[in-house]
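Here's the letter readout for the chains.
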2 protein chains.
Amino acid sequence: MKFSTRSEYGLRAMVVLAGIQDKSPLSLRQIAEQERISEQYLEQIFMDLRKAELVQSVRGAYGGYYLARDPADITVKEILEVLEGPIFHYECLSADGQGCSFKEGPCLVQVVWRKMQESMTDILQGMNLQGLQEGIYE
Amino acid sequence: MKFSTRSEYGLRAMVVLAGIQDKSPLSLRQIAEQERISEQYLEQIFMDLRKAELVQSVRGAYGGYYLARDPADITVKEILEVLEGPIFHYECLSADGQGCSFKEGPCLVQVVWRKMQESMTDILQGMNLQGLQEGIYE
DNA sequence: ACTATATCCTACTGCTTTACTAGGAATAAG
DNA sequence: CTTATTCCTAGTAAAGCAGTAGGATATAGT
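### A look at the interface of chain A and chain B
Next up, step 1: Contacts between the two partners involve 38 residues from chain A and, on the opposite side, 37 residues from chain B.
Next up, step 2: Scanning the region where chain A abuts chain B turns up two salt bridges.
Next up, step 3: B:Glu138 is the partner of A:Arg114 in a salt bridge, and the nearest nitrogen-oxygen pair spans 3.0 Å.
Next up, step 4: The set of elements that each furnish at least two residues to the side of chain A that touches chain B consists of α1 (5–18), α2 (28–35), α4 (76–84), α5 (110–125) and α6 (129–134) of chain A.
Next up, step 5: Broken down by element, the side of chain A that touches chain B gets its largest block of residues, 10 residues, from α5(A).

And the structure:
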């Protein structure tokens, strides 16, 4: 029960980008060196971040990536959902309230998943890139 | 980011055991049928639960399993830690405060893992088998 | 035009984990 | 002695994880 390295690397790289004031692009090579991450692995991660429109790219020499939006407006939840898939999604918890598929009646365990999901959502939504970069969370 | 079926099955089976008043053992066959789970898979899960001394077993005909302690005294956290391994354990968060290995100085991202871990621990520790079985959590 | 530096994209690979299945030994009740 | 059950090991197909490899495309500077 932990996040994958994709999430960790991606989040760390995004915090680095949040530390840059202007919109000049930063290359993956620089980020990878600074954070000691495989550059090619980071490329794949950033393809997903770009498709999710969390970063924008500049191709060619002196190119790289920059944040697509204000760092204070990008939540950790958004990033992790892109890199990790839905956080604690269970069919159990679907909106139509169909309940568990395995038997009739309510599942006595689904309340555990729901509480986890609610709490995770709150925490991750309450943290954004600017806050992380400034280290204001404690 | 979700718990494995091991955790789900194990937790559901434990709730079933919590619904039995006396200490008469319930066989895995009965639990497996009721919960629509593979009996042999459930066996493996219960080997771990027994080794962790959360359940006790009675071998032979009319044997089975029963809870080793009062259901109000067995938390969801204990069960999930047995079946899933440590919840959100990161080297980052070790007590010695060594910090992240990947670079000097504090990791700006570890606060995310820590907050997750703290919240998870609180929630899972606050729910026990009796409460789940009675459906008191909402 | 040419070169160096980037992103972009696909494919592959070794490893681990997951969710089981198979088969048998040991134990106990009737 | 049969039946029901736990106990234990091994195997296995599929998926996921954490990368690596190699090339196509785009752009800045010379």
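### Quick notes on helix α5 (residues 110–125) of chain B
Next up, step 1: The terminal C-alpha atoms of α5(B) lie 22 Å apart, and with 16 residues this matches the ideal 22 Å at 1.5 Å per residue to within 8%.
Next up, step 2: Those residues of α5(B) lying buried are B:Gln110, B:Val111, B:Val112, B:Trp113, B:Met116, B:Ser119, B:Met120, B:Ile123 and B:Leu124.

### Topic: the protein's contact with DNA strand C
Next up, step 1: In the vicinity of DNA strand C, 24 residues are found, and the nearest of them are A:Glu43, A:Arg50, A:Ser57, A:Tyr65 and B:Gln44.
Next up, step 2: Backbone atoms, meaning sugar and phosphate, make up 60% of the atoms of DNA strand C lying within 4 Å of the protein.
Next up, step 3: With respect to DNA strand C, the side chain of B:Thr5 contributes an N or O atom lying 3.0 Å from a phosphate oxygen.
Next up, step 4: Taking B:Gln40, its side chain carries an N or O atom lying 3.2 Å from a base nitrogen of DNA strand C.
Next up, step 5: For the surface near DNA strand C, the elements supplying multiple residues, two or more each, are α3 (39–51), β1 (55–58) and β2 (64–67) of chain A together with α1 (5–18) and α3 (39–51) of chain B.

Parameters and conventions
- Residues numbered from 1 in each chain as written.
- Chains lettered and ligands numbered in written order.
- Predicted model: local features only at pLDDT ≥ 70, side-chain atom pairs only at ≥ 80, totals over all residues.
- Heavy atoms only, no water.
- Contact = heavy atoms within 4.5 Å.
- Salt bridge = Lys/Arg side-chain N within 4 Å of Asp/Glu carboxyl O.
- Helix = DSSP H or I, 4+ residues; strand = E, 2+ residues; numbered from the N terminus.
- Expected span 1.5 Å × (residues − 1).
- Buried < 20%, exposed > 50% of the residue type's maximum accessible area, 1.4 Å probe, protein only.
- Near = heavy atom within 4 Å.
- Polar contact = N/O pair within 3.5 Å; in protein donor to acceptor, adjacent residues only side chain to side chain.

Functional significance is not addressed by these values, which are geometric in nature.
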